[in-house]
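# Coordinate inspection notes
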Amino acid sequence: MSLEHTLRRWQEKATDAVNRGLDRHVRLAVTGLSRSGKTAFITALVNQLEHAALDARLPQWEAVRRGRLLGARRVPQLNHHIPTFAYERGMQALLGEPPAWPEATRGVAEIRLELRYQSRHLLRRQLAEHSTLYLEIVDYPGEWLLDLPLLELSFELWSEQVRAQLARPALRELASDWLETRWQATDPFDEGRVAAVAGAYTAWLHRCKDELGLHLIQPGRFVLPGEYAGAPMLQFVPWVWQAPGAECGAGSLYAALRERFEHYKQHLVKGFYEQHFAGFDRQIVLVDCLQPLNAGPESFADMQQALSRIMESFSYGKSNWWRRLFSPRIDKLLLVASKADHVTPEQHPALVSLLQSLVRGGRGQAHFEGIETECMALASVRATEVGQGQSGGHTFPALKGIGLDGQPLLLFPGEVPTTPPTAAWWQQGSFDFQSFRPLPMAPHQAMPHVRLDAALEFLLGDKLA
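On a predicted model such as this, the values are computed, not experimentally measured, just so you know.

The next point concerns the sheet that holds strand E1 (residues 25-32). As summarised here, the arrangement of the seven strands in space is E2-E3-E4-E1-E5-E6-E7, forming an open sheet in which the pairing is mixed. If you trace the sheet from one side to the other, it starts and ends with strand E2 (69-75) and strand E7 (372-377), each paired once. For this sheet, the mean angle separating the axes of adjacent strands, direction not counted, is 20 degrees. In the sheet, strand E3 (residues 109-117) pairs with strand E4 (residues 131-139) via nine bridges, with the strands oriented antiparallel. Within E4, the position partnered with Tyr-117 by the bridge is Ser-131. Across the sheet, helix H2 (residues 38-51) touches E1, E2, E3, E4 and strand E5 (282-287), and the angle it forms with E4 is around 165 degrees. Contacts between helix H13 (residues 297-312) and the sheet are confined to E5 and strand E6 (332-337), with E5 contributing the most and set at about 175 degrees to the helix.

This is the structure in structure tokens:
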């Protein structure tokens, strides 16, 4: 690395530190479980920011409503080792023929914007014609947060947890490919054999997600490895066979699996928090409450448990080692029920109430730590229009849109429960969630949305004062 390049990097970091000190810099993290809409959300967020001073409809964002936001533009990111969020590719998908949802990201990505605005404070306006806020948006998989509890588990305890999960017939049936392996804990370590079984174990995790609708998948990096795909530290399995004996010393199969598990915790689980999480200022968690409702009680219960695990990541005050390790500084946490346009508008309050019920414990802990939280229902890219349907001479509210198969849909999905459903609710089977593809949109215009302006006001309103 040349001296010139080194000096430039130090200058960039020094400028970043000054901007932080003057409250001119926000690092905004976006996460959520698979299919919660993270990529579409960030793409829409950037699109609205670029159009905020032009044609965007953002009435709930005070800086835009009063004409104080002068504009926003994308600028080069400071962290050159982190992949850039594929904004252009996402826009191409949404504006395609036919329109499609952007391809999901598989690891950490970020995008940086410069926002120029006029302060509402007279003194600041006298000192400068305009003010600047630098916004870094970071995308990372929610599945990575699910690995946090592994830090408190030994390889033996984790293996016991997986063994208990396999007591469920549906899970055990799907696991036959890797459970059929016959080996002893004292067997010598065989790289190829372990890689093959780890591959079968990873395929099992994917099938649990895709076929059973489960969300609580560990280790999270196995299904979303990012840049570590194929790395030996992602090639281990829990020990669910005959209990190992005391003779499983160095070089044995069992010792090698245990060593890789510990390496995974130290370098990937802790590494993610040390390198990224501790630098976040504000956090968004996207939650798709609708698909688990459609999938059934086991999928919904698993999503509820996974969400509780994610919320534990924001319970900063539970131990001194947490503070020492992560030094978090997040001061605002936005919890979003995504895809609000997939239910009729009068169901939005129920959707928010359901989300509030799911995260009540975690929000309480966050409030205790001084973190401001908010729950809302929104659609980052509106994919439906509100209409009416007719049945038996009665008119009912309905959604109009295009299904993923390209066929027009007109339906009322049903009523959203305000709290986690009871057994009676599941027996009624009164909810039919359908997926829609994006509506055709005009290029070079802000995309239609539902309450994205409310999210921007909560996340950035105070920074543009």
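All right, on to the pairing of strand E9 (residues 394-403) then. As judged from the seven bridges shared by strand E8 (residues 385-391) and E9, these two strands associate in the antiparallel manner. Residue Val-386 lies in a different strand from E9, and its bridge partner there is Leu-399. Here E8 folds back onto E9, and the loop between the two strands holds two residues, one of which, Gly-392, carries a positive phi near 60 degrees. Here four bridges tie E9 to strand E10 (residues 408-411), and the two strands are oriented antiparallel to one another. Residue Ile-402 lies in a different strand from E10, and its bridge partner there is Pro-408. With antiparallel pairing between neighbouring strands as the criterion, E9 and E10 make up a hairpin whose turn holds four residues, including Gly-406 at a positive phi of roughly 90 degrees. Alignment of E9 against strand E11 (residues 436-437), held across two bridges, turns out to be antiparallel. Along E11, the bridge assignment pairs Ile-402 with Arg-437.

One broad rule of soluble globular proteins: the nonpolar side chains tend to lie buried together. Core analysis: the largest hydrophobic core is formed by 92 residues, its most contacted members being Trp-178 and Trp-204. In this view, Trp-204 contacts Gln-165, Leu-166, Leu-171, Leu-174, Ala-175 and Trp-178; residues no more than four positions away in its chain are not counted. Counting residues in each nonpolar core, the second largest holds 47 residues, with Ala-44, Leu-45, Ala-109 and Phe-458 among its members.

This paragraph deals with the confidence of the model for the protein chain. On average, residues of the protein chain carry a pLDDT of 87, and 90% of them reach 70 or more. In the predicted structure, residues 316-322 sits below a pLDDT of 50 and forms 18 contacts with residues beyond four places in sequence or in another chain.

Taken together, the buried positions of helix H6 (residues 155-165) are occupied by Phe-155, Trp-158, Ser-159 and Val-162. Across the axial projection of H6, the buried residues extend over an arc of 100 degrees, all falling on one side. On its buried side, H6 packs onto helix H8 (176-179), helix H9 (191-212) and helix H11 (253-275).

Bringing the packing of aromatic side chains into the picture now. Here the structure, examined in full by the defined rule, presents 23 aromatic pairs. Consider the rings of Trp-239 and Trp-241, whose centres lie 5.1 Å apart with planes at 65 degrees: the pair is edge-to-face. Of the two residues, Trp-239 and Trp-241, neither departs from the other in class, the shared state being buried. When the ring centre of Trp-144 is taken as origin, the NZ or CZ atom of Arg-221, which lies over that ring, is 3.4 Å away.

With that settled, the discussion passes to the packing of H6 against H11. Taken N-terminus to C-terminus, the directions of H6 and H11 make an angle of 95 degrees; their axes are 10 Å apart at the nearest point. As far as their axial angle goes, H11 and H6 are roughly perpendicular. Along the contact surface, H6 presents Phe-155, Glu-156 and Trp-158, while H11 presents Tyr-254, Leu-257, Arg-258, Phe-261 and Glu-262. In the contact of H6 with H11, the residues fall into five nonpolar, no polar and three charged.

We now examine the side chain of Ser-357. Position of Ser-357 relative to the elements: it lies in helix H15 (residues 348-358). The exposure class of Ser-357 is buried, given its relative accessible area of 15%. A distance of 3.5 Å separates a polar atom in the side chain of Ser-357 from the backbone oxygen of Thr-418. Setting aside residues no more than four positions away along its own chain, Ser-357 makes contact with Thr-418, Thr-419 and Pro-420.

Bringing the packing of H2 against helix H4 (residues 87-94) into the picture now. A pair of packed helices can be characterised by two numbers: the angle between their axes and the separation between those axes. In contact at an axis separation of 9 Å, H2 and H4 are set at 95 degrees when each is read in the N-to-C sense. It follows that H2 is roughly perpendicular to H4 by the angle criterion. Seen from H2, the contacting residues are Thr-43, Val-46, Asn-47 and Glu-50; seen from H4, they are Tyr-87, Gly-90, Met-91 and Leu-94. Considered class by class, the residues forming the contact of H2 with H4 number four nonpolar, three polar and one charged.

On to the pairing of E4, then. Within a regular beta strand, the side chains point alternately toward one face of the sheet and then the other, so they alternate between its two faces. E4 sits mainly inside the fold: nine of its nine residues count as buried. Pairing analysis gives six bridges linking E1 to E4, with the strands arranged parallel. Bridging across to E4, Val-26 finds its partner in Leu-135.

With that out of the way, let us pick up the pattern of salt bridges. Inspection of every chain in the model, using the stated rule, returns 23 salt bridges. For Glu-156, the salt bridge is made with Arg-258, and the minimal N-O distance between the two is 3.2 Å. Placement of the pair is Glu-156 in helix H6 and Arg-258 in helix H11, with a sequence separation of 102 residues. Glu-191 is the salt-bridge partner of Arg-260, the closest N and O atoms lying 2.9 Å from each other. Here Arg-260 is found in helix H11, whereas its partner Glu-191 is found in helix H9, with 69 residues between them in sequence. Among the residues examined, Arg-260 registers a relative accessible area of 12% and is labelled buried. Taking relative accessible area as the criterion, Glu-191 reaches 39% and is therefore assigned partly exposed. Overlapping salt bridges bring together Arg-282, Asp-331, Lys-332, Glu-372 and Asp-462 as one network.

Another aspect to go through is the environment of Gln-242. With respect to the secondary-structure elements, Gln-242 resides in the loop between helix H10 (220-223) and H11. Relative accessible area serves as the criterion here: at 57%, Gln-242 is assigned to the exposed category. It is 9.0 Å that separates the C-alpha atoms of Gln-242 and Trp-183, two residues lying 59 residues apart in sequence.

Criteria and cut-off values
- Residues numbered from 1 in each chain as written.
- Predicted model: local features only at pLDDT ≥ 70, side-chain atom pairs only at ≥ 80, totals over all residues.
- Heavy atoms only, no water.
- Pairing = 2+ DSSP bridges.
- Helix = DSSP H or I, 4+ residues; strand = E, 2+ residues; numbered from the N terminus.
- Axes fitted to C-alpha atoms, helices over the stretch in contact; angles between N-to-C directions.
- Contact = heavy atoms within 4.5 Å.
- Core = buried A, V, L, I, M, F, W, Y, C linked by side-chain atoms within 4.5 Å.
- Buried < 20%, exposed > 50% of the residue type's maximum accessible area, 1.4 Å probe, protein only.
- pLDDT = per-residue confidence, 0-100.
- Arc of directions from axis to C-beta.
- Phe/Tyr/Trp six-rings, centres within 6.5 Å; stacked < 30°, edge-to-face > 60°.
- Lys NZ or Arg CZ within 6 Å of the ring centre and 35° of its normal.
- Parallel < 35°, antiparallel > 145°, perpendicular 65-115°, else oblique.
- Nonpolar A, V, L, I, M, F, W, Y, C, P; charged D, E, K, R; others polar.
- Polar contact = N/O pair within 3.5 Å; in protein donor to acceptor, adjacent residues only side chain to side chain.
- Salt bridge = Lys/Arg side-chain N within 4 Å of Asp/Glu carboxyl O.

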